[in-house]
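# Structure at a glance
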Amino acid sequence: MPAPFAGVRRAPPAQNDPNFTYAPGTPERAALKSRLDEMAGERLDIPVVVDGEEVRNGSTQTAVMPHEHAHVLADWHKATACDVARAADRAAIAQREWAGWAWEDRAAVFLKAAELLTTSWRQTLNAATMLGQSKTAYQAEIDAASELIDFWRYNVAFAEEIYREQPVSTHGTWNQTDYRGLEGFVYAVTPFNFTAIGGNLPAAPALMGCAVVWKPASSAMVSAYYILKLLEAAGLPPGVINFVPGDAVDVSNVLLDHPQLAGIHFTGSTAVFNSMWQKVGQNLGRYRSYPRIVGETGGKDFVVAHPSADVQELAVGLVRGAYEYQGQKCSAASRAYIPTSLWPEVRDRMVAMMKDIKVGDVRDFRNFMGAVIDKKAFDKISGYIDDARKNASIIAGGGCYGEAGYFIEPTLVEAKDPGYRLLCEEIFGPVLTVYVYDDARWLETLAIVDETSPYALTGAIFARDRRAVVEAASALRNAAGNFYINDKPTGAVVGHQPFGGARASGTNDKAGSKMNLLRWASARSVKETFAPPTDWTYPFMAEK
Ligand code: NAD
């Protein structure tokens with residue numbers, strides 16, 4: 001193909017999407033409501049998509065509304081082992097051409113997708129996220145629209161920075177770094193809880209010249225399918241991102257055994273990530289290259305308050321941090337350490353706020369919370385609440401109502417034992433457990449926070465005393481990949497707080513950053529010599 005362009009191009013600067021409020025009377029509220037009505041009245045038939053070709057092989061599963069689980073939004077076709085193997089093969093072929101494109105042309109696809117998402121596609125993706133994943137209008141907006149737009153725009157800016165990074169050269173030589181996309185295919189596996197992650201995990205490797213086989217989460221199928229359609233509308237060539245909904249274990253068995261597996265881009269639970277890594281280890285001899293493994297996994301995110309904390313700021317941070325999106329954010333506050341001197345007031349203010357929280361169908365905009373994602377999550381979370389009834393004290397909430405939708409009240413638990421399981425294990429629901437500590441034991445409490453759970457994703461300190469901030473930031477340095485001072489531990493913004501955790505929370509490659517994009521490039525160093533030597537001997541060899 002002849003080169004279509006000459007010139008060192010500059011991508012548009014990345015700008016964060018300014019999200020809408022959806023306050024009464026705004027045009028975006030009316031547009032979203034009308035799209036919700038339309039989409040709730042449809043029943044999609046979602047295919048497997050391999051090399052741009054839609055495959056419907058008859059074995060289907062339904063996607064429902066978590067807040068009205070009798071309501072079917074879509075039937076989605078499950079990929080067979082044969083479809084999955086074909087997706088891997090076709091991706092590896094498509095990758096050769098795609099990696100040969102000028103990076104600016106690949107980038108243009110994602111910039112166009114971001115633009116479409118700011119405008120004509122915005123309410124489709126928001127409504128899909130509200131109906132399919134039970135997010136409120138605002139939670140859908142900051143995820144499905146703003147965060148995904150930000151990922152696509154910032155990734156382009158970061159890719160440009162990477163490509164501009166070139167080695168030094170001298171007069172007689174020219175040294176260059178060629179950032180090659182990974183040969184073969186990258187396996188992207190996405191979680192249910194963020195539509196933006198669904199759009200970022202396949203797109204980031206693709207931007208860098210990789211081809212992808214994407215297995216979306218079964219419980220976020222509607223938004224995932226619309227992301228694929230949006231990327232197609234933006235001009236993504238067939239075969240670059242292949243869409244294989246299906247049984248997770250069956251899909252993984254085919255892809256993790258495939259010799260062309262070049263990488264895994266995963267977000268989800270720690271146990272699943274560990275099982276995939278183990279399988280890769282067992283299969284190491286099979287692969288053409290060492291697969292790059294990137295995984296952002298579970299969390300048990302903490303808020304620790306110093307006796308100098310502002311009580312109202314702390315109470316608001318806890319309520320928003322723990323209960324927005326039903327606590328189903330990997331960053332959600334799920335354990336808090338409050339000094340005895342503050343606890344009665346913090347508790348009373350939180351309980352008062354929680355009394356006003358409405359839980360219900362997200363199409364009713366007065367609700368602050370929707371339903372949890374599915375029956376499995378509902379049973380797991382209610383099991384933890386039952387445990388708290390027996391072994392701790394429920395201060396507020398605790399109600400679980402699964403008949404029409406999977407609703408769980410925001411729940412506040414007080415535990416006396418800092419090793420109690422609700423203070424250690426990831427629950428992934430609207431349950432916040434508090435441990436009240438003696439004010440005099442501040443430093444010991446920081447050590448408890450650090451050692452209590454295997455995770456290290458997000459955490460927050462509330463204090464007005466700067467010395468306490470320094471002590472907490474130091475004692476908890478390895479306890480969180482995203483650390484907040486006088487703020488809730490959720491709501492990271494692309495480009496502002498690159499997101500990811502260490503320990504059992506993942507490889508900490510920071511989604512939506514240069515660090516992440518570098519994992520999808522395999523550098524080739526190229527040295528060109530303009531005047532190659534013509535004499536094989538060296539001066540030191542002369543006798544005099
Ligand atoms: P999950 O682990 O159940 O599923 C994630 C993905 O893995 C889904 O696509 C699922 O189908 C797939 N999967 C499940 N079993 C598999 C297997 N055996 N082999 C291969 N793939 C398999 O997680 P989820 O319930 O969708 O999401 C919640 C989890 O994700 C929580 O643990 C949360 O902390 C984590 N999370 C982490 C981050 C982060 O940035 N660290 C962000 C979002 C979610």
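What this report covers is the structure whose coordinates are included nearby. Computed from a predicted structure; not experimentally measured. Each chain has its residues counted from 1, following the order in which its sequence is written. Local features in this predicted model are restricted to residues whose pLDDT is 70 or higher, and side-chain atom pairs enter the listing and the counts only when it is 80 or higher, whereas totals over whole chains, interfaces and linings include all residues. Values shown for side chains rest on all heavy atoms present in the structure; no hydrogens or waters enter the calculation.

### A short note on the overall build of the chain
Working definition: helices are DSSP H or I runs of at least four residues, strands are E runs of at least two. Numbering for both runs from the N terminus. Scanning the chain from N- to C-terminus turns up 15 helices and 23 strands. Against the 2.2 N^0.38 benchmark of 24 Å for 544 residues, the chain shows a C-alpha radius of gyration of 25 Å, consistent with a compact globule. By its C-alpha atoms, the chain is 85 × 70 × 50 Å across when sized along the principal axes. Relative accessibility thresholds used throughout: buried, under 20% of the residue-type maximum; exposed, over 50%; partly exposed, between the two (1.4 Å probe, protein chains only). Taken over 544 residues, the chain has a buried fraction of 57%. Residues count as neighbours in contact if any of their non-hydrogen atoms are within 4.5 Å of one another. Long-range contacts, defined as pairs at least 24 residues apart, comprise 77% of the intrachain contacts of the chain with a sequence gap of at least 6. Accessible surface, the chain as shown: approximately 22800 Å² in total, 53% of it carbon and sulfur. The globule rule is 2.2 Å times the number of residues to the power 0.38, and the radius of gyration it is compared with is taken over C-alpha atoms. All accessibility values rest on the Shrake-Rupley procedure with a 1.4 Å probe; residue burial counts only the protein chains present in the view.

### A look at the layout of surface pockets
Site definitions follow a grid-based scheme: protein atoms alone, a 1 Å grid, a 1.4 Å probe that fits but cannot get out for cavities, and for pockets an open set with protein on both sides within 12 Å along at least five of seven lines, plus lining residues having an atom within 4 Å of a point. Grid points are joined across faces, edges and corners, and a volume is the space filled by probe spheres set on the points. By volume, the second largest pocket amounts to about 760 Å³. Lining the second largest pocket we find 29 residues, and of these Trp 103, Glu 104, Tyr 163, Gln 166 and Thr 177 sit closest to its centre. Mapped onto the lining of the second largest pocket, the elements with two or more residues apiece are helix H2 (81–100), helix H3 (103–118), helix H5 (137–164) and strand E6 (173–181). Each residue belonging to the lining of the second largest pocket can be placed in one class, and the counts come to 13 nonpolar, nine polar and seven charged. Three classes are used, and their members are as follows: Ala, Val, Leu, Ile, Met, Phe, Trp, Tyr, Cys and Pro are nonpolar, Asp, Glu, Lys and Arg are charged, and the others, Gly among them, are polar.

### Concerning the pattern of salt bridges
In what follows, salt bridge is the name for a side-chain nitrogen of Lys or Arg lying within 4 Å of a carboxyl oxygen of Asp or Glu. Under the definition given, this model contains 35 salt bridges. The closest approach of N and O atoms between Glu 38 and Arg 35, which form a salt bridge, is 2.5 Å. Here Arg 35 and Glu 38 lie together in helix H1 (residues 27–40), a separation of three residues that amounts to about one turn. Arg 86 is the salt-bridge partner of Glu 53, the closest N and O atoms lying 3.7 Å from each other. Note that Glu 53 is positioned in strand E3 (residues 53–55) and Arg 86 in helix H2, a separation of 33 residues in sequence. Note on Glu 53: relative accessible area 46%, which makes it partly exposed. One network of salt bridges, in which partners are shared, links Asp 45, Glu 54, Arg 56, Lys 229 and Glu 232.

### Overview of the sheet that holds strand E5 (residues 68–77)
A sheet is described by the order of its strands in space; here three strands give the open sequence E1-E5-E4, paired in mixed fashion. The open sheet is flanked by strand E1 (44–46) and strand E4 (60–65), the only strands paired with a single partner. Averaged over all neighbouring strand pairs, the angle between strand axes comes to 40°, with direction disregarded. Should DSSP find at least two bridges between two strands, the strands are regarded as paired. In terms of strand pairing, E4 meets E5 through six bridges, oriented antiparallel. Bridged to Met 65 within E5 is Glu 68. Axis definition: a line fitted to C-alpha atoms, limited for helices to the stretch in contact. Angles are taken between N-to-C directions and run from 0 to 180 degrees.

### Thoughts on the nonpolar core
As a rule of thumb, soluble globular proteins bury nonpolar side chains together. Counting residues in hydrophobic clusters, the biggest one holds 80 residues, and the most contacted among them are Phe 110, Trp 152, Trp 214, Ile 241 and Phe 243. Of the residues forming this core, the biggest block, 13 residues, is contributed by H5. What Ile 241 contacts, discounting residues up to four positions off in sequence, is Pro 202, Ala 203, Ala 206, Val 212, Trp 214, Leu 228, Leu 231 and Leu 236. As used in this record, nonpolar core signifies buried Ala, Val, Leu, Ile, Met, Phe, Trp, Tyr and Cys residues forming a set joined through side-chain atoms within 4.5 Å. Grouped together as the second largest cluster of nonpolar side chains are 40 residues, Ala 220, Leu 423, Ala 468 and Ala 479 included.

### Looking at the site of the ligand
For each residue, the test is whether any non-hydrogen atom lies within 4 Å of the molecule or strand; if one does, the residue is near. Neighbouring the ligand are 27 residues, the closest being Thr 190, Ser 252, Ser 269, Thr 297 and Glu 426. In this structure, Lys 215 approaches the ligand through a side-chain N or O atom, which is 2.9 Å from an oxygen atom. Think of a polar contact as two N or O atoms within 3.5 Å of one another; within protein, one of them needs to be a possible hydrogen donor and the other a possible acceptor, and neighboring residues in sequence only count if both atoms come from side chains. Between the ligand and Gly 268 there is a distance of 3.3 Å, counted from an oxygen atom to a backbone nitrogen or oxygen. Of all the secondary-structure elements, those providing two or more residues to the shell around the ligand are helix H8 (248–256), strand E10 (261–267) and helix H9 (270–282). For the shell around the ligand, the leading source of residues is H8, giving three residues. Residues belonging to the shell around the ligand are distributed by class as follows: 15 nonpolar, nine polar and three charged. Marked domain ranges trace back to an automatic or database domain assignment. Counting contributing residues, the shell around the ligand receives three or more from each of domain 1 (27–166 + 181–297 + 506–526) and domain 2 (301–485).

### Observations regarding the sheet that holds strand E14 (residues 393–396)
An order of E14-E17-E18-E13-E12-E20-E21 is seen for the seven strands of this open sheet, with the pairing classed as mixed. Looking along the sheet, the strands with just one partner apiece sit at the ends: E14 and strand E21 (482–485). Pairwise comparison of adjacent strand axes, ignoring direction, gives a mean angle of 20° for this sheet. Here strand E12 (residues 301–305) runs beside strand E20 (residues 458–462); their pairing, made up of four bridges, is parallel. Paired with Ala 305 across the two strands is Phe 462, which belongs to E20. Contacts from helix H13 (residues 442–452) reach E12, strand E13 (333–339), strand E18 (431–437) and E20, with the element oriented near 165° to E13. Sheet strands touched by helix H14 (residues 466–475): E20 and E21. Its angle to E21, the strand with the most contacts, is close to 170°.

### Considering the packing of aromatic side chains
Two aromatic rings are characterised by how far apart their centres lie and by the angle between their planes. Aromatic rings from Phe, Tyr and Trp, with only the six-membered ring used for Trp, were paired whenever their centres fell within 6.5 Å, and each pair was classed as stacked if the ring planes differed by under 30 degrees, edge-to-face if by over 60, and tilted otherwise. One pass over the structure, following the stated rule, counts 14 aromatic pairs. Centroid distance Trp 214 to Phe 243: 5.4 Å. Interplanar angle 75°. Geometry classified as edge-to-face. Of this pair, Trp 214 sits in strand E8 (residues 212–215) while Phe 243 sits in strand E9 (residues 241–243), placing them 29 residues apart in sequence. Each of the two residues, Trp 214 as well as Phe 243, counts as buried. Where Tyr 337 meets Tyr 435, the ring centres are 6.2 Å apart and the plane angle is 65°; that geometry is what we call edge-to-face. With Tyr 337 in strand E13 and Tyr 435 in strand E18, this pair connects stretches of sequence that are 98 residues apart. According to the relative accessible area criterion, Tyr 337 is buried, its value standing at 0%. Members of the aromatic cluster, connected to one another through ring pairs, are Trp 214, Tyr 225, Tyr 226 and Phe 243. Counting as a charge over the ring demands two things of the Lys NZ or Arg CZ atom: a distance within 6 Å of the ring centre and an angle within 35 degrees of the ring normal. Above the face of the Phe 194 ring, Lys 135 is positioned so that its terminal group lies 3.9 Å from the ring centre.

### Some points on H14
Those residues of H14 that sit buried are Ala 468, Val 469 and Ala 472. Buried residues of H14, viewed axially, fall in a sector of 105°; they line one side. Residues of H14 that are exposed and point more than 90 degrees away from the buried face comprise Arg 466, Arg 467 and Ser 474. Directions are taken from the helix axis to each C-beta atom, and the arc is the one they span.

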